[in-house]
Amino acid sequence: MTEPVIFKRFDAAGAREQREVVSLIHRDAYGERIATGDAFASDQAFMTRFDAYTSRDGFDLVMAYAGDEPLGQAWGWPLPPDTHWWNGLETEPEPGFIVEDGTRTFALSEIMVRRAWTGQGIAHALHNELLAGRGERRATLLVRPDNSTAYAAYVRWGWQPVACLRPGWPDAPLMDVLVLPLPLAQ
């Protein structure tokens, strides 16, 4: 890559203005899974989730660019006291694990890089940019157990598997729950 990677950060309103770019990145990054007919992976289902996510307080989107070319994106939000994030948890890892107060846990909901730019450290850079400076004590994410590439990367980046959860979205697969203590080491 000849141009430096730059990051642009958007709150919920700004993220909604980037809706077409969000969809473009998703369709490119997950084109193979979308082509399988997986209903959960379809762009329509994905964008329905995106629209719901951008209604969350504290929604935070980071996009990576090389010049005007979008390379990838990552987003999340702090879990409020009345969160539904933990609904579908198969077992609670420890007493009080799911108790949220709006400042305890940041949910890293999505991270993806367009196919032509994978393997260049962009996902890790997006991850670090999104989590840098967060005020929460920990972060959580969900990953498909069979997504060995992403799973291995998260473990290398310090995430620890703690449980399994099936999100409440239609056609959602069983996911592994991973957690990472914050603040992220710089």
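Conventions adopted
Residue positions are given per chain, counted from 1 along the sequence in the order it is written. Thresholds applied to this predicted model are a pLDDT of at least 70 for local features of residues and 80 or more for the giving and counting of side-chain atom pairs; totals over whole chains, interfaces and linings are not thresholded and use all residues. Each side-chain value is derived from all of the structure's non-hydrogen atoms; neither hydrogens nor water enter the calculation. In this scheme Phe, Tyr and Trp rings, the latter by its six-membered ring, pair at centre separations within 6.5 Å, and the angle between planes marks the pair as stacked below 30 degrees, edge-to-face above 60, and tilted otherwise. Working definition: with a 1.4 Å probe on protein chains only, accessible area under 20% of the residue-type maximum means buried, over 50% means exposed, and in between means partly exposed. Only lysine NZ and arginine CZ atoms are considered, and such an atom sits over a ring when it is within 6 Å of the ring centre and within 35 degrees of the ring normal. Here the rule is simple: two strands pair whenever DSSP picks up at least two bridges between them. Secondary structure elements follow DSSP: runs of H or I of four or more residues count as helices, runs of E of two or more count as strands, with numbering from the N terminus. Note on geometry: axes are C-alpha line fits, over the in-contact stretch for helices, and angles between N-to-C directions span 0 to 180 degrees. Any two residues having at least one pair of non-hydrogen atoms within 4.5 Å are treated as being in contact.

(A) View of the packing of aromatic side chains. This structure, assessed with the given rule, holds 11 aromatic pairs. Ring geometry for W77 versus W85: centroids 6.0 Å apart, planes at 80°, classification edge-to-face. Side by side, W77 and W85 carry an identical accessibility label, which is buried. A connected cluster of aromatic rings, assembled from ring pairs, spans F46, F50, Y53, F59, W75, W77, W85 and W169. Here R138 stacks its cationic end above the ring of F97, 4.4 Å away from the centre of that ring.

(B) Inspection of the sheet that holds strand β2 (residues 60-66) at higher detail. Pairing is mixed across the open sheet formed by 7 strands, whose spatial order is β1-β2-β3-β4-β5-β7-β6. The two strands at the open ends of the sheet, each matched to only one other strand, are β1 (5-10) and β6 (160-165). Direction aside, the axes of adjacent strands within the sheet are offset by 25° on average. Bridging between β2 and strand β3 (residues 69-78) involves 7 bridges; their strand directions are antiparallel. Looking at β3, one finds that L61 is bridged to W75. Contacts from helix α2 (residues 19-29) reach β2, β3 and β4 (105-113), with the element oriented near 105° to β3. The sheet strands contacting helix α4 (residues 43-53) are β3 and β4, and the helix crosses β3 at an angle near 50°.

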